[in-house]
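Remarks on the overall topology
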Amino acid sequence: MAEEVSSQMNSLSISETNPSSSATISLVSGDDIVFKVEPTIAKEMETVQSFIDETDGKITTIPLPNISSHDLPYVIEYCEKSIAGKITKEFEAEFVKKLNNEEVKELFLAANYLNIKKLLDFLSQVIADRIANKSVEYVRRYFGIENDFTPEEEAKLREELAWTFTGVDPDDEDEN
Amino acid sequence: MRRFMNFMLLVQQTMRKRRRRERLMEKKKRKTKMATPIPPKPFVHEDLIIEILLCLPVKSLIRFQCVSKQWFSLISDPNFVKSHFQLTPHTRRIEFISSDFGQTISIDFEEQFDLENAFVKQCNFFHPHADSLIQIISSCRGFIFFHHSSGFCILNPCTKIHKQIPLAPGEFETNLELRYFYYLYGFGYDPLRDDYLVVSLSCIPAEED
């Protein structure tokens, strides 16, 4: 399993060396790194595919300014597994194990931008699982939400909902 | 695998598609202008927030109503509640209602037992001095219909919200008749009207010879 993943990571490592194939699609991350992928991978990314379709397949270099070279390999890895029909619970658990909450959020936004429904659904659940026991303050910070309740309103609401504030994890995790 | 079958999610889908199109347009513009892309500050759009909220357990959702006014209205929206109910795999759970303390305790079979976290809440649906005897009549789609000293009540054990049910007119009206009547109660869901029904049935038992 681990070998399989690492070999895949190698296979999608940074481009330029790939001599053949006019068929491959070049995905350019926001920090200008080119990733060459098979057209089948591009098909998984609806945003990329519709871009290709709109230009009748003439353009095969797709700029993805919102996606970093850190996130793109994960997205490609997931798409490859998806094509191979190898998305299992084990793979998914392994896939997110190495990601902290900020990375999961970035990947979630990338999946949305690229319109990869399966990955988006999966990451929605991952984020939900990770914030389920978090405090209200953590959630505000995580999503960059401003608290627009007055202190009185919030105190009243918290009192009414006091039973839901039991068993909340402390915030002191070393996540950025 | 989660299924996306309801209206709200369809709306989200189309919204996402629209935004994707907008982004593509934006991207094209940017390309022609040759502007250097500035990485935007990660911002999670409302329809994406909804996708995440739909995956959360009820207890977390209720707590997160305190996050902001927007979250409060998202989470209390009836359409959201319906979608959440449809999408959530129903857990195996046992509910206890204690008449002595006015508490409910809910234990999830799929989680490690921990009394601290076992959903304990004071529910003030009886007078503290009342000699309450709670009789659970039936349950339906997660709601519990029960009788206690001051009437009939429907409780949502997940949210702890309860509602007193008024008696039908004429019920228990004539003491004389009461001696001869049996009352039966039922509680159910009508999918056509998307509403719940409490049915009371009075009957006179056949006299024995």
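Analysis parameters
Residues numbered from 1 in each chain as written. Chains lettered and ligands numbered in written order. Predicted model: local features only at pLDDT ≥ 70, side-chain atom pairs only at ≥ 80, totals over all residues. Heavy atoms only, no water. UniProt positions renumbered as here; feature names shortened; annotations may be inferred. Domains from an automatic or database assignment. Contact = heavy atoms within 4.5 Å. Buried area = accessible area lost by both parts, 1.4 Å probe. Salt bridge = Lys/Arg side-chain N within 4 Å of Asp/Glu carboxyl O. Polar contact = N/O pair within 3.5 Å; in protein donor to acceptor, adjacent residues only side chain to side chain. Helix = DSSP H or I, 4+ residues; strand = E, 2+ residues; numbered from the N terminus. Pairing = 2+ DSSP bridges. Axes fitted to C-alpha atoms, helices over the stretch in contact; angles between N-to-C directions. Buried < 20%, exposed > 50% of the residue type's maximum accessible area, 1.4 Å probe, protein only. Arc of directions from axis to C-beta.

Chain B appears in an unreviewed UniProt entry as F-box domain-containing protein from Pisum sativum.

The name an unreviewed UniProt entry assigns to chain A is SKP1-like protein, from the organism Pisum sativum. What UniProt states about chain A under its Sequence similarities (unreviewed entry) heading is, verbatim, "Belongs to the SKP1 family." Looking at chain A in UniProt, the text filed under Function (unreviewed entry) is "Involved in ubiquitination and subsequent proteasomal degradation of target proteins. Together with CUL1, RBX1 and a F-box protein, it forms a SCF E3 ubiquitin ligase complex. The functional specificity of this complex depends on the type of F-box protein. In the SCF complex, it serves as an adapter that links the F-box protein to CUL1."

Considering the domain arrangement of chain B
Residue and element names in this part refer to chain B. Here chain B is described as being made up of domain 1 (7-87) and domain 2 (93-203). Taken together, the contact pairs 5 residues of domain 1 with 6 residues of domain 2. Here domain 1 and domain 2 share an interface that buries about 480 Å² over both sides, 67% of which is from carbon and sulfur atoms. Of all residues in domain 1, the largest losses of buried area upon contact with domain 2 belong to Val58, Lys59 and Phe85, amounting jointly to 71% of the total for that side. For the interface between domain 1 and domain 2, the tally reads 1 salt bridge. One salt bridge connects Lys82 with Asp194, and the closest N-O pair in it is separated by 2.8 Å. Linking domain 1 with domain 2 are 1 residue pair in polar contact (both at pLDDT 80 or more), by the criterion used here. Secondary structure elements with two or more residues in the side of domain 1 that touches domain 2: helix H3 (58-63) and helix H5 (78-87).

Comments concerning the sheet that holds strand S7 (residues 161-165) of chain B
Residues and elements named next belong to chain B. Strand order across the open sheet formed by 4 strands is S4-S5-S6-S7, with antiparallel pairing between neighbours. Among the strands making up the open sheet, the edge pair consists of strand S4 (135-140) and S7. The average angle at which neighbouring strand axes cross in this sheet is 25 degrees, direction not considered.

Looking at H5 of chain B
Those residues of H5 of chain B that sit buried are Phe80, Ser83, His84 and Leu87 of chain B. One side of H5 of chain B holds all its buried residues, which, seen down the axis, span an arc of 100 degrees.

Here's the deal with the side chain of Thr47 of chain A
With respect to the helices and strands, the residue Thr47 of chain A is situated in helix H3 (residues 46-54). Separated by 2.6 Å, the side chain of Thr47 of chain A and the backbone oxygen of Tyr113 of chain A make a polar contact.

Notes on the domain arrangement of chain A
All names here are of chain A. Considered domain by domain, chain A is made up of domain 1 (2-131) and domain 2 (136-165). Residue-level contacts link 5 residues of domain 1 with 4 residues of domain 2. Across the domain 1/domain 2 interface, buried area totals approximately 480 Å², and carbon plus sulfur atoms make up 63% of it. Scanning the region where domain 1 abuts domain 2 turns up 0 salt bridges.

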